[in-house]
Number of protein chains: 2
Amino acid sequence: MISDKILLDHGSGGKLSNKLVSELILQTFNNPILAQLDDGAMISIANQRLAFSTDSYTVDPLFFPGGNIGELAVNGTVNDLAMCGAMAKYLSVGLIIEEGFPISDLKLILQSMANAAAAAGVQIVTGDTKVVPRGAADKLFINTSGVGAIPEGIHISGKNARAGDKIILSGTIADHGMTILTQREGLQFDSPLRSDSAPLNRLVAAMLEASQEIHALRDPTRGGVGTSLNEIAGQSNSGILLFEDTIPVRDEVRGACELLGLDPLYVANEGKLLACVGAGDAERVLQRMKAEKYGTDACIIGEVTAENPRKVFMRTSIGGTRVVDMLTGEQLPRIC
Amino acid sequence: MISDKILLDHGSGGKLSNKLVSELILQTFNNPILAQLDDGAMISIANQRLAFSTDSYTVDPLFFPGGNIGELAVNGTVNDLAMCGAMAKYLSVGLIIEEGFPISDLKLILQSMANAAAAAGVQIVTGDTKVVPRGAADKLFINTSGVGAIPEGIHISGKNARAGDKIILSGTIADHGMTILTQREGLQFDSPLRSDSAPLNRLVAAMLEASQEIHALRDPTRGGVGTSLNEIAGQSNSGILLFEDTIPVRDEVRGACELLGLDPLYVANEGKLLACVGAGDAERVLQRMKAEKYGTDACIIGEVTAENPRKVFMRTSIGGTRVVDMLTGEQLPRIC
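Note that the coordinates shown come from a computational prediction; the quantities given were computed from them, not determined experimentally.

Chemist: What am I meant to see in the overall build of chain A here?
Modeler: On a plain count of helices and strands, chain A comes out with eight helices and 14 strands. Taking 336 residues into account, the globule formula puts the C-alpha radius of gyration at 20 Å, and chain A, at 19 Å, falls close to it. Looking at chain A as a whole, 62% of its 336 residues are labelled buried. Once local pairs closer than 6 in sequence are excluded, the contacts in chain A between residues at least 24 apart make up 85%. The averaged location of the 39 negative side-chain charges in chain A is 3 Å from the averaged location of its 29 positive side-chain charges.

See below:
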């Protein structure tokens, strides 16, 4: 589909986002660091390797079961840095606030950010506040950026995934996206859905302690597990094979997905990670993850293959095999 | 004035912004780095001192004489880092785009960002793109964050200004703010107004080469020269005395200010800096600035005093003295 206007789908995290980034943004800002397309940039200042990342949050509603936009914004950037193998140390916060926004809500959100920063062990050290007239923005948008050191010997990137690696998923999928969507649709369930928003830096630190064979890490936010694995397959020029039965989805989340006709593989997560780990170390890493707060439901869901480069396949429950493409079409606008 | 809602004035860069930052944000994110309140944070990773800064841009209109939102966003963060004595090296870009925004405009803006980055010698290494439904944001908002190394021996902060320092201004004031405002009001002038958006990192590098007595630097954006000098007076617990006759304002900018009833001292600049420099070095620094592209109109506009701590006074053209307070009231929403 050719369009001369930005569509919601350009922000989905899926195929059209990918096209916008690769055809317009990468070409315009042409440089090899940006072109790596990992969750954060790996940069070097005075011989110190650093990870540097940014994310803007436009989630609607601002408050949801399991968190709010502020906590999400802190955890999101902490996680993007963790996916580079870096421990986040310092964050910036940029607020764009609509005139008339209740100061009491702002206080709650800022306090959540402070709590999330303390929980993740990072400091919010610089910021900016803009106020726009009523109607020029919807309530509140938050940008967080972050920097952290990458320890020596750590080289993690989507491009480093290699045939034979096991793919570990740190827990259940689709919790965040389905929570936001059911809130917006006003749906009620017996077991209420809850966002999985969480900081993953300590989980990653534990994994790195357990093994030197962690090749790639990604947190499957917008676009979900399906899209993140397609990105890794593309970056590493490898194939990926998933086993449907092994992918954990909570019953209530699966029920909500069925009701709304959504595939949990493409729904956003905000406290989960995917890791490509050398087969020999996979079991050790998995056990180490299960001992961590945000890794208790970790499991191996597939493997990296030499066959089918740049493609993701899934062995289904009934024994068939299907292609898992990138997300096409905007499934859920303003999910994060 | 007590309010339980965010007002436009909370984003003015003036008194109410200051109150929001000091009473709510600083208290919530309580840490000594943020509490410095310079243009960027000075942080330390693995014994390397770094400057880290963020700014969101919501300027309306997006395109204006002398620049556009993209160029402004790159120069703004380059300048915030320069005001910490750091050479910006890496930038992040966060885009929030309204559904339906013309891709041709996005291309122009991204190309301006790439050009501005090249001109300032920085790389855009990481980014994020969100698209929100029509009406949830006004066209396009851009966040830029940046990091750069602070050279050894450089210790620049508003708190370091000291009695006897000369205050140097790098050129004419109020060009950017009056350009945006007259565009919005549809005013026409014989000599068209033009934003001063420019990268100041090379100017700062030249100044630092010329002297080790540069104590404070600030770029007087939102809130203008009047507000920035009040911030320095507050941080350093010093007084500041200005000489009205020495402050350069272009005729056409002065005319526009008179027409609209605005004081140029409070109007935003996007390519100017204020420096507090030890008196013995001031003339040398001034001459070095005049040799630089963005410092040709540099001049000494006042001095730091032991009297009247935390206050800014101005000796007027007709020989009187008046207090220059922080900006109160939102003069110009969405100026940057």
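Chemist: It is not clear to me how the packing of aromatic side chains should be interpreted in this structure. Could you clarify?
Modeler: Pairs of aromatic rings are described using the distance from one ring centre to the other and the angle between the two planes. The final tally for this structure, using the stated rule, is one aromatic pair over all chains. Relative to Phe141 of chain B, the ring of Phe141 of chain A lies with its centre 6.3 Å away and its plane at 50 degrees, an arrangement referred to as tilted. In this pair, Phe141 of chain A sits in strand E7 (residues 140-149) while Phe141 of chain B sits in strand E7 (residues 140-149), so the two residues belong to two different chains. Residue Phe141 of chain A is classed as buried on the basis of its relative accessible area, which comes to 1%.

Chemist: Before we go on, may I ask you to explain the relation of the copies chain A and chain B in this structure?
Modeler: A rotation about some axis, followed by a shift along it, carries one copy of the chain onto the other. Each copy of the sequence occupies a distinct position, and chain A is placed on chain B by a rotation of 180 degrees and an axial shift of 0.0 Å, giving an RMSD of 0.0 Å. The transformation relating the two chain copies, once decomposed into turn and shift, fits a two-fold axis. No C-alpha of chain A lies nearer the rotation axis than that of Ala137 of chain A, which sits 2.1 Å from it. Counting the interface residues of chain A, we find that 99% of their copies in chain B are interface residues as well, pointing to one common contact surface.

Chemist: What exactly am I supposed to notice about the pairing of strand E12 (residues 299-305) of chain B here?
Modeler: Successive side chains on a regular strand alternate, one facing one side of the sheet and the next facing the other. Residue and element names in this part refer to chain B. Where burial is concerned, most of E12 is hidden: five out of the seven residues are buried. By the bridge criterion, four bridges tie strand E8 (residues 166-169) to E12 in an arrangement that is antiparallel. Residue Lys166 lies in a different strand from E12, and its bridge partner there is Glu303.

Chemist: Looking at this structure, how should I read the sheet that holds strand E2 (residues 48-57) of chain A?
Modeler: Remark on secondary structure: sheet strands pair via backbone hydrogen bonds, oriented parallel or antiparallel. Residue and element names in this part refer to chain A. Strand order in this open sheet of five strands is E1-E2-E7-E5-E6, and the pairing throughout is mixed. Only two strands of the sheet have a single partner each, and these edge strands are strand E1 (41-45) and strand E6 (123-132). Within this sheet the neighbouring strands show an average axis-to-axis angle of 20 degrees, counted without direction. Pairing between E1 and E2: five bridges, direction antiparallel. Note on E2: the bridge partner recorded for Ala41 is Phe52.

Chemist: Honestly, the interface of chain A and chain B in this entry has me stumped. Any pointers?
Modeler: Interface size is commonly expressed as the accessible surface area that is lost when the partners come together. Each side of the interface is counted separately: chain A has 80 residues, and chain B has 79 residues. Both faces considered, chain A and chain B share a buried interface measuring about 6,500 Å² in area, 70% of it formed by carbon and sulfur atoms. Area buried by chain A at its contact with chain B is led by Ile6, Phe29 and Phe52 of chain A, which between them contribute 10% of it. Put simply, chain A and chain B have four salt bridges between them. The shortest N-O distance in the salt bridge between Lys130 of chain B and Asp55 of chain A comes to 3.5 Å.

Chemist: Looking at this structure, how should I read the side chain of Arg334 of chain B?
Modeler: Relative to the assigned elements, Arg334 of chain B resides in the segment after strand E14 (321-323). Looking at Arg334 of chain B, the relative accessible area reads 7%, which means it is buried. Reaching out from Arg334 of chain B, the side chain makes a polar contact with the side chain of Asp138 of chain B at a distance of 2.8 Å. Not counting the four nearest positions on each side in its chain, Arg334 of chain B is found in contact with Val132, Pro133 and Ala136 of chain A together with Thr58, Val59, Asp60, Asp138, Phe141, Ile180 and Arg184 of chain B.

Chemist: Even after reading the chapter, I still don't get the domain arrangement of chain A, so can you show me in this structure?
Modeler: All names here are of chain A. The domain architecture assigned to chain A consists of domain 1 (31-149) and domain 2 (158-323). Look at where the C-alpha atoms of domain 1 and domain 2 centre, and you get two points 23 Å apart. Residue-level contacts link 23 residues of domain 1 with 25 residues of domain 2. The largest contributions to the domain 1 side of the interface with domain 2 come from Pro65, Asn79 and Met83, which together make up 25% of the buried area. If you look at where domain 1 meets domain 2, you find two salt bridges. Arg218 is the partner of Asp39 in a salt bridge, and the nearest nitrogen-oxygen pair spans 3.9 Å. There are 13 residue pairs in polar contact (both at pLDDT 80 or more) connecting domain 1 and domain 2. Taken together, the elements giving at least two residues each to the side of domain 1 that touches domain 2 come down to helix H2 (69-82) and helix H3 (103-120).

The rules behind these values
- All chains use their own residue numbering, which begins from 1 and follows the written sequence.
- Each chain is given a letter, starting from A, and each ligand a number, starting from 1, according to the order in which they appear as written.
- Owing to the predicted nature of the model, reporting of local features is limited to residues with pLDDT of at least 70; listing and counting of side-chain atom pairs is limited to 80 or more, with chain, interface and lining totals taken over all residues.
- Derived side-chain values reflect all non-hydrogen atoms in the structure, with water molecules and hydrogen atoms excluded from consideration.
- The secondary structure listing takes helices from DSSP runs of H or I that are at least 4 residues long and strands from runs of E that are at least 2 residues long, numbered from the N terminus.
- Within these notes, the globule rule equals 2.2 Å times the number of residues to the 0.38 power, and the radius of gyration is based on C-alpha atoms.
- Relative accessible area decides the class of each residue, using a 1.4 Å probe on protein chains only: under 20% of the type maximum gives buried, over 50% gives exposed, and in between gives partly exposed.
- Pairs of residues are marked as contacts when any of their non-hydrogen atoms sit within 4.5 Å.
- By the counting rule applied here, Lys and Arg register as positive and Asp and Glu as negative, while His and the ends of each chain are not counted.
- A single reference atom marks each charge: NZ on Lys, CZ on Arg, CG on Asp, CD on Glu.
- Pairing of aromatic side chains requires ring centres within 6.5 Å, counting the rings of Phe and Tyr and the six-membered ring of Trp. Pairs whose planes differ by under 30 degrees are stacked, by over 60 edge-to-face, and all others tilted.
- We place the copies in one frame by least squares, fitting the C-alpha atoms of every residue whose pLDDT is at least 70 in both.
- Two strands are counted as paired when DSSP detects at least two bridges linking them.
- Axes here refer to lines fitted to C-alpha atoms; in helices the fit is confined to the stretch in contact. Angles between the N-to-C directions go from 0 to 180 degrees.
- Here the buried area means the combined drop in accessible surface, using a 1.4 Å probe, for two parts upon being joined, counting both sides.
- The salt bridge definition used is simple: a Lys or Arg side-chain nitrogen within 4 Å of an Asp or Glu carboxyl oxygen.
- We define a polar contact as two N or O atoms separated by no more than 3.5 Å, with the added condition that, inside protein, one atom must be a possible hydrogen donor and the other a possible acceptor, whereas residues neighbouring each other in sequence contribute only through side-chain atom pairs.
- Where a domain begins and ends is set by an automatic assignment or by a domain database.

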